[in-house]
Amino acid sequence: MNDIDLGAFSALFQEACVRCFGHAVTAPLTETEAKLFYTKVFDATGLVIGWKSIKNYSGFLLGGSPGKAENPSVATLDTLARYVTGAPDTTEPERKTAAGHYPYWYGYREKWVVGHGAVAAPAEVGAHGVAATPGMGTKAKWFLRGGLKGCLVWLSVGGVLAVVLVVFLLVMVNRRTAPGFRDDFHALSADSLAARGWWVVAPDTVYWNKRGTDGRGLTLYTLEGDNWPDPEHAPVIRNLLVRRIPCSSFTLEWHFEDFIPHQNWQQAGVLLSEDTTIGSRSLRVSIAYNDYNGVYPRSGMILLQAIVSRDGAKPEEIAHVPLMSVDSLRRYPALARFLDHTALRIVKQGDRLRILYADGILANTSFREIGSYDMPMDLRYVGLFALKGFVDSSANMPVRVSYFSLDCEKRK
C-alpha cells in the first residue's frame, strides 16, 4: 500500500468509526467493538468485513507503534466507503456485476487526494445533534440550538430550491460530455498538482524536485526502474505522476518537446492500468531507444512501443514502430528537428483501442494511426513516466512533457 492509499485508508477508517460509534476512535478496537463494527457495516451495506480484520486494521492505524503492516483489499476499502457514504445495500455477486470497478473507494480516494488528505476532524455531537467545538461555552451551545429552530423555515425554502437545482444540473450533465481535462504543467507545486487531481508514486526526491527545471512544462528523468517482470528486481517506476480516468471510453493525448533518447532503455510515455498497484493489468505506450537485440548489438533505433501486461503473464508487445535510426541522425543531423514536437494519442471506445502518433518541426502536424487493438481491460488510471529499465549504464535523461489532455466519450 503506497502513501496515498494509506492516507486515504486511515481517513476512511476513522470516518467509519465515527459513523459506527458516534465519536472518533483514538485506540485500537476491542473484540466487542470490532464485532459491533462488523455488524453495523453488514446491516448497512449487505457486505462483510471480518471482525478480526477490523480489529487488526485498528491496531495498525491506531496502535501508536510500528507493527504488522495491513493491506486491505480494494473490495474491503470499497465496502468501507459504501458504509461511510450511505450507499444502497447490495450483495457481493451484485457488486461484482454492477460495480466491479469499486467506484466508492476510488471516488473517496480521489476526493481525499484533491483535499491533500485533509479530512475534517470529527466534531463532538451533543444531545441535540449540534456539533460543538471543544471549549464552547454553554451560552454558545444554547444559541446554536435556538438558532437552528429559527432557521427551519429558511431551510425548508432552501431545500425546495436545492432540489430544483439538483434536478436541473442532472439534466444538463446527462446532455453533456463528461468534463475534459487539460494541463500545460505551468504550475508544478505539490498543492497545485494535487488540486488538479495528480499524485506522485515512488518519488525520488532529488529528481522530483527538478520537475520544473526549465519552466516550460513538467520535466521527468529516465531513472532506473521498470514495470517489466524481472526476477531480480521488484517493479518500480520512480516519479510516476498518476491521475484517475473517470470513464471507460476516453481520449488521451500528451506532448513531448525535444525528446531524443539515445541510450538503452531510455523511454517516456504513459502507463494505463486497472488500479494503482504497479503489477496490475496495464498498457504501456512510450517512445524508447534500443540498440540491443538478444545477444548482439545492432544499430540504434528510436521507436514507438506499446506493451500489454496481463495478470502476471509474459508481457505482449502489440506495437513496435521504428521512428528514426541513429545512423540516419548521424548522417543527417537536421532530421532531429522532426522530433522537436512529438505527440501521442490513445482513443479507447469500449474494448477497442487506437494508438496515434504525430511528430514534426512544427507543433501542429497531424496524427497518423499506428494501430487498432482489442483491449478488454477496464483502464482507470493513467501515469506519466520516464525510465531506463534496470540498467546503470544509461544517463538520467530529462524529458519535458508540455501538454496532457483527457476527454471522456460523450454519453449516449
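Residues numbered from 1 in each chain as written. Predicted model: local features only at pLDDT ≥ 70, side-chain atom pairs only at ≥ 80, totals over all residues. Heavy atoms only, no water.

Details of the packing of aromatic side chains
- Following the criterion strictly, the structure yields 13 aromatic pairs and no others.
- Centroid distance Phe9 to Phe13: 6.3 Å. Interplanar angle 70°. Geometry classified as edge-to-face. Of the two residues, Phe9 and Phe13 both sit in helix α1 (residues 3–21), four residues apart, roughly one turn of that helix.
- Of the residues examined, Phe13 reaches a relative accessible area of 2% and is grouped as buried.
- Geometry around Tyr207 places Lys210 over its ring, the cationic atom sitting 4.8 Å from the centre.
- When the ring centre of Trp198 is taken as origin, the NZ or CZ atom of Arg243, which lies over that ring, is 4.9 Å away. (Phe/Tyr/Trp six-rings, centres within 6.5 Å; stacked < 30°, edge-to-face > 60°. Helix = DSSP H or I, 4+ residues; strand = E, 2+ residues; numbered from the N terminus. Buried < 20%, exposed > 50% of the residue type's maximum accessible area, 1.4 Å probe, protein only. Lys NZ or Arg CZ within 6 Å of the ring centre and 35° of its normal.)

Quick notes on the environment of Tyr38
- Topologically, Tyr38 is positioned in helix α2 (residues 31–45).
- Sequence separation between Tyr38 and Lys55 is 17 residues; the distance between their C-alpha atoms is 9.8 Å.
- When neighbours within four sequence positions are excluded, Tyr38 is seen to be in contact with Val48, Ile49, Trp51 and Ile54. (Contact = heavy atoms within 4.5 Å.)

Considering the environment of Ala343
- Relative to the elements of secondary structure, Ala343 occurs in strand β12 (residues 341–349).
- Along the primary structure Ala343 and Ile287 are separated by 56 residues, whereas in three dimensions their C-alpha atoms are 9.9 Å apart.

Remarks on the pairing of β12
- The sheet contact formed by strand β7 (residues 250–257) and β12 spans eight bridges and is antiparallel. Its bridge partner being in β12, Trp254 is matched across the sheet by Leu344.
- Bridging between β12 and strand β13 (residues 352–358) involves seven bridges; their strand directions are antiparallel. Bridge pairing in β13 links Val347 to Arg354. (Pairing = 2+ DSSP bridges.)

Observations concerning the pairing of β13
- The buried fraction of β13 amounts to five of the seven residues, a majority that puts the element mostly inside the structure.
- Where β13 meets strand β14 (residues 368–374), six bridges bridge the pair, whose relative direction is antiparallel. Each residue of the ladder has a partner; that of Arg352, found in β14, is Asp374.

Thoughts on empty space enclosed by the protein
- According to the stated counting rule, one finds one cavity of 30 Å³ or more in the structure shown.
- One number sums up the size of the largest cavity: a volume of about 30 Å³.
- Residues belonging to the lining of the largest cavity are distributed by class as follows: four nonpolar, two polar and one charged. (1 Å grid on protein atoms, 1.4 Å probe; cavity = no way out; pocket = protein on both sides within 12 Å on 5 of 7 lines; lining within 4 Å. Points joined across faces, edges and corners; volume = space filled by probe spheres on them. Nonpolar A, V, L, I, M, F, W, Y, C, P; charged D, E, K, R; others polar.)

Describing the layout of surface pockets
- The calculated volume of the largest pocket comes to roughly 460 Å³.
- Along the wall of the largest pocket there are 28 residues; nearest its centre are Asn2, Asp5, Thr276, Thr277 and Ile278.
- Residue assignment for the lining of the largest pocket shows that the elements contributing at least two residues are α4 (74–85), α6 (103–114), β4 (199–201), β6 (240–244), β8 (267–273) and β15 (381–387).
- Among the residues making up the lining of the largest pocket, the classes are represented as 18 nonpolar, seven polar and three charged.

What to know about the nonpolar core
- Judged by nonpolar contacts, the single largest core of 53 residues is most densely connected at Val285, Leu384 and Phe404.
- With five residues, strand β16 (residues 398–408) is the single largest residue contributor to this core.
- Residue contacts for Val285: discarding those within four places in its chain leaves Trp254, Ala268, Gly269, Val270, Leu304, Gln305, Ala306, Leu344, Ile346, Ile355 and Phe385.
- In this structure, Ile54, Tyr57, Tyr381 and Phe385 belong to the second largest nonpolar core, which totals 37 residues. (Core = buried A, V, L, I, M, F, W, Y, C linked by side-chain atoms within 4.5 Å.)

Observations concerning unusual backbone geometry
- The phi torsion at Tyr102 lies on the positive side, around 55°, for a residue other than glycine.
- One can find Tyr102 in the loop between α5 (92–98) and α6.
- For Tyr102, a relative accessible area of 22% gives the class partly exposed.
- Its identity as a non-glycine residue notwithstanding, Asp258 has a phi of 55°, on the positive side.
- Residue placement: Asp258 occurs in the loop between β7 and β8.
- Relative accessible area serves as the criterion here: at 41%, Asp258 is assigned to the partly exposed category.

Concerning the packing of α1 against helix α3 (residues 51–62)
- Where α1 meets α3, the closest approach of the two axes is 11 Å, and the angle between their N-to-C directions is 115°. The element α1 and its partner α3 pack so that their crossing is left-handed. Here Leu6, Phe9, Ser10, Phe13 and Gln14 of α1 lie close against α3, whose contacting residues are Ile54, Tyr57, Ser58, Phe60, Leu61 and Leu62.
- Split into classes, the residues belonging to the contact of α1 with α3 amount to eight nonpolar, three polar and no charged. (Axes fitted to C-alpha atoms, helices over the stretch in contact; angles between N-to-C directions. Left-handed = near helix turned anticlockwise from the far one by under 90°.)

Brief notes about α3
- Compared with an ideal rise of 1.5 Å per residue, which puts 12 residues at 16 Å, α3 spans 16 Å between its outermost C-alpha atoms and is within 8% of the ideal.
- Of the residues making up α3, those classed as buried are Ile54, Tyr57, Ser58 and Leu62. The buried residues of α3 occupy an angular sector of 100° when the element is viewed end-on, so they sit on one face.
- The inward-facing, buried residues of α3 contact α1, α2 and α4. (Expected span 1.5 Å × (residues − 1). Arc of directions from axis to C-beta.)

Thoughts on the state of the cysteines
- Evaluated as defined, the whole model comprises one disulfide.
- In this model Cys247 forms its disulfide with Cys408; the gap between the sulfur atoms is 2.0 Å. Judged by the sign of its S-S torsion, about -85°, the cystine formed by Cys247 and Cys408 is left-handed. Note that Cys247 is positioned in the loop between β6 and β7 and Cys408 in strand β16, a separation of 161 residues in sequence. Of the two residues, Cys247 and Cys408, both sit in the buried class.
- In this structure Cys17 is not part of a disulfide, and its nearest cysteine sulfur, from Cys20, lies 7.0 Å away.
- You can call Cys17 buried: its relative accessible area is 0%. (Disulfide = S-S within 2.5 Å.)

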